[in-house]
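Chain and residue survey
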Amino acid sequence: MKKKIGILTGGGDCPGLNPAIRGCVYAGERFGYEFIGFNDGWRGIIEGRTEPLNREKVEYIVMQGGTILGTSRTNPFKKEEHVKKVLENFKKFNLHALVAIGGEDTLGVATRLYEEHKLNVVGVPKTMDNDLNVTDYTFGFDTSVTRAMEAANALIDTGRSHRRVIVFEVMGRHAGWVALFTAMATAADYLCVPERKIDGKDMIEKIKKAYERKKFALVVVSEAVEIDQEEKNPIQQEVDQFGHIILKERGMGEKIAKYIEDKTGIETRHAVIGHMQRGGQPTLFDRILATRVGIKAAELIRDEDFGKMAALVGNKIVGVPLKDATGKLKVVSEEWFKLADLLF
Ligand code: F6P
C-alpha cells in the first residue's frame, strides 16, 4: 500500500501556493506516495474535510493564484479539543506525513505538532509579506510587490498630470517589506512602514521639497503605521486567532493623505491596493521558487527529515528546523533602512 501524505495551506493566500502544491505532488508521486488535500487550512484537518490530490488535478495550477485547497486563519491550539481532533484525524486518514504550507502562524502550529506531539510534519514557507525568518525570500512576495509596483506606476501618471501628492497604501501589518520594495522600485519620495514611527515633520519637509522640484510626490505607506504627532491610531484593534490585528478598515493611506494636505496645502489623493495585490497569476520568480520548495518538502519526507521547513538560502533550497523559522517575524532590518534613508 502507498504511504499517504496530507497537504494543507493556511493563513492569508498568496500567489505561489498552487505551484507549491503541484511541486510537492509531482515529486511525492515519483517517490511512491499518494496525496490528499485538507481544505481551508488547519480547519480542514480539525473537521476532517479532504479532497484527493494527484498529478492530473494539479498539472495546470502552476499559473493560478490563490489556493485550490482553500485557506483559513484557524489556530487549533486555541482549543484543546481541536488539537485532539488534529491528532485523531492524522491517524484516521492514515497519514504518513503532513505538509503545512503557510507563514509564521501556520508553521508555528506545525512546529508545535512536531515538537509536542511528534507528528511527521514538514513546512513550506509562504507569505506575500516576506516576514518569515530563516528563508531569504518567500513566494508570494515577488508577485505582490510587482503588482503594487505596476499600480504605483499608474498612480504616478495621474498624479504628475494633476500635480498632486499621491499616497499609496499597500499591505503589511507587522513588516514593511512590501512598502519598502514598492517605494524603491518606483522612485517614491517617502516611505512609511510599521517598523518606524513616522516623523511627521520630516515627512512634510521632504514632500514639500520633492513637490517644489517636480510638482508631484509619491508616498508609499504600509497599512499599519503610526505618526508621532497624531493621537491614537484609530484603526480598530480586533484580533484573529493568532493575535494579529484584523485591519477591517484600511485607513492609514487616507489618514496620511489628509495629514499631508492639511500641513502642505497641496492637493493630495490616496489609493489602496488591498487584496488585489494578493491574487492573480504568480510571477516567474514565484512559480519557480514555489515549485522548488514544494519539491523539497516531498524530499524531506522521503528522507524522514521531519520538523523541517524547505527554505531558500542563497540560491539553494535547504531543510531548516521549523522552530528556527517561527516565533519571531523578520522585519525590515537596519541594513535596509540605511538604503532607504539614502533614497527617501
Ligand atoms: O497574509 C498577510 C496579509 O497579507 C497582511 O499583509 C494583511 O494585513 C493581511 O494578510 C490581510 O488579511 P485578511 O485577508 O484576513 O484581511
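Above this text you will find the structure in question.
Residues numbered from 1 in each chain as written. Predicted model: local features only at pLDDT ≥ 70, side-chain atom pairs only at ≥ 80, totals over all residues. Heavy atoms only, no water.

Evaluated as defined, the whole model comprises 15 salt bridges. Where Asp 40 meets Arg 49, a salt bridge forms, and the shortest distance between an N and an O atom there is 3.2 Å. By sharing partners, the salt bridges in this structure join Asp 40, Glu 47 and Arg 49 into a single network. (Salt bridge = Lys/Arg side-chain N within 4 Å of Asp/Glu carboxyl O.)

Let us now look at the side chain of Thr 291. For Thr 291, the position within the fold is in helix H10 (residues 284–302). On the basis of relative accessibility, which here comes to 18%, the residue Thr 291 falls in the buried class. In terms of polar contacts, Thr 291 uses its side chain to reach the backbone carbonyl oxygen of Arg 287, at 2.6 Å. Discounting residues that sit within four places of it in the chain, Thr 291 has contacts with Pro 19, Gly 23 and Val 62. (Helix = DSSP H or I, 4+ residues; strand = E, 2+ residues; numbered from the N terminus. Buried < 20%, exposed > 50% of the residue type's maximum accessible area, 1.4 Å probe, protein only. Polar contact = N/O pair within 3.5 Å; in protein donor to acceptor, adjacent residues only side chain to side chain. Contact = heavy atoms within 4.5 Å.)

Taken together, the neighbourhood of the ligand is formed by eleven residues, with Arg 73, Asp 129, Glu 223, His 275 and Arg 278 sitting nearest. Within the side chain of Asp 129, one N or O atom sits 2.8 Å away from an oxygen atom of the ligand. At 3.3 Å from an oxygen atom of the ligand is found a main-chain nitrogen or oxygen belonging to Gly 172. Relative to its unbound accessible surface of 400 Å², the ligand loses 83% to contact with the protein. (Near = heavy atom within 4 Å. Areas by Shrake-Rupley, 256 points an atom, 1.4 Å probe, with all protein chains shown as cover.)

Below, the discussion takes up the sheet that holds strand S5 (residues 121–125). In space, the seven strands of this open sheet follow the order S3-S2-S1-S4-S5-S10-S11, with mixed pairing throughout. Strand pairing shows two members of the sheet lacking a second neighbour, strand S3 (50–53) and strand S11 (316–321), which therefore form its edges. Direction aside, neighbouring strands of the sheet carry axes that sit 30° apart on average. Where strand S4 (residues 95–102) meets S5, five bridges bridge the pair, whose relative direction is parallel. Each bridged residue has a counterpart across the sheet, and for Ile 101 the counterpart in S5 is Val 124. Packing of helix H1 (residues 17–30) onto the sheet brings it into contact with strand S1 (3–9), strand S2 (33–38), S3, S4 and S5, and relative to S2 it is tilted by some 155°. (Pairing = 2+ DSSP bridges. Axes fitted to C-alpha atoms, helices over the stretch in contact; angles between N-to-C directions.)

Contact pair helix H7 (residues 177–185) / helix H12 (residues 334–343): the axes reach a minimum separation of 11 Å and the direction vectors enclose 40°. Taken together, the axes of H7 and H12 lie oblique to each other. The way H7 lies across H12 gives a crossing that is left-handed. For the pair H7 and H12, the contacting residues are Trp 177, Leu 180, Phe 181 and Met 184 in the first and Trp 336, Leu 339, Ala 340 and Leu 343 in the second. (Parallel < 35°, antiparallel > 145°, perpendicular 65-115°, else oblique. Left-handed = near helix turned anticlockwise from the far one by under 90°.)

The interhelical angle for the contact between helix H6 (residues 141–162) and H7, taken along N-to-C directions, is 45°, at an axis separation of 9 Å. One finds that H6 runs oblique with respect to H7. Where H6 crosses over H7, the handedness of that crossing is right-handed. Contact residues: Phe 141, Val 145, Ala 148, Met 149 and Ala 152 in H6; Trp 177, Val 178, Phe 181, Thr 182 and Ala 185 in H7. Residues that form the contact of H6 with H7 fall into these classes: nine nonpolar, one polar and no charged. (Nonpolar A, V, L, I, M, F, W, Y, C, P; charged D, E, K, R; others polar.)

Treat this as a map of the structure, not an account of what it does.
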